[in-house]
Amino acid sequence: MKRIKIAAAIFFILSGVFIFLVGCKSHPTYIFLVTLDTTRADHIDYSLSQNTLTPHLAELASRGQHFENAYALIPITLPSHASMFYSLPPHRLKIYNNGQIQKSSWPSVTQLLKGNGYTTGAVISLGVLKSEFGLDKGFDYYIENFKPFLWSKSADEVNEDVFQLIPQIHRNNPGEKYFFWIHYSDPHEPYYPP
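The rules behind the values
Residues numbered from 1 in each chain as written. Predicted model: local features only at pLDDT ≥ 70, side-chain atom pairs only at ≥ 80, totals over all residues. Heavy atoms only, no water. Patch = residues over 30% accessible without salt bridge, like charges linked within 9 Å, V, L, I, M, F, W, Y side chains within 5 Å. Areas by Shrake-Rupley, 256 points an atom, 1.4 Å probe, with all protein chains shown as cover. Salt bridge = Lys/Arg side-chain N within 4 Å of Asp/Glu carboxyl O. Helix = DSSP H or I, 4+ residues; strand = E, 2+ residues; numbered from the N terminus. Pairing = 2+ DSSP bridges. Axes fitted to C-alpha atoms, helices over the stretch in contact; angles between N-to-C directions. Contact = heavy atoms within 4.5 Å.

Chemist: It is not clear to me how a nonpolar patch on the surface should be interpreted in this structure. Could you clarify?
Modeler: A cluster of nonpolar side chains, namely Tyr30, Phe32, Val34, Leu36 and Leu60, defines an oily patch on the protein surface of about 430 Å² accessible area. Broken down by element, the nonpolar patch gets its largest block of residues, four residues, from strand E1 (residues 30-36).

Chemist: Would you explain unusual backbone geometry in this entry?
Modeler: The phi angle of most residues is negative, glycine excepted, and most peptide bonds adopt the trans form. Not every positive phi belongs to a glycine, and Gln50 is a case in point at roughly 55°. The topology assignment puts Gln50 in the loop between E1 and helix H2 (55-62).

Chemist: Where do I start with the sheet that holds strand E3 (residues 141-143) in this structure?
Modeler: Adjacent strands of a sheet form backbone hydrogen bonds with each other and so pair up, either parallel or antiparallel. Strand order in the open sheet formed by four strands is E1-E4-E2-E3, with parallel pairing between adjacent strands. Each edge of the open sheet carries a strand with a single partner, namely E1 and E3. Shown here is a sheet whose adjacent strand axes are inclined to one another by a mean of 10°, direction ignored. Sheet topology note: the E1/strand E4 (residues 177-184) ladder contains seven bridges and is parallel. By the bridge assignment, Val34 is partnered in E4 with Ile182. Across the face of the sheet, helix H6 (residues 155-172) comes into contact with E1, strand E2 (118-123), E3 and E4 while running at roughly 170° to E4.

Written out as structure tokens, the structure reads:
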């Protein structure tokens, strides 16, 4: 019963965001979705004063929106992100583990934004989110350039790709609206401290 309530809450939150974006007379020019894979909520501080844990993340959040009571429907990367992008629980998407291919006929939030004039781009940091698993639907740019025999990228490598992608998208699509998904996984194994 608790899972159903959480799934319903996430569905309504994402539905509300979409309805807001579609119904709004002035759409935001930039939408950034930053996901931090396998990050403990009690290790993030969103306060701007005396923040010793995550001051830069707090500064970024202060300029946008963060959701303090958001819950993952499943603690596995691919089905969790698929649930976010499709506003459907894993059992409706029939994705329960990494390595499964997302085949939903429902549109993703990315496809909906694309249909509303957004240029879309993503940079991912884990091989379980590669385009072959289906989360790339609706993205104009989906950066997944992993080094040979590696399945993860550090935040530095993700940032390098992001800071190349954003100007490239601006040059190719000036004056448009933009949606960027930036996926970090440094808290996730393998644990290589910077």
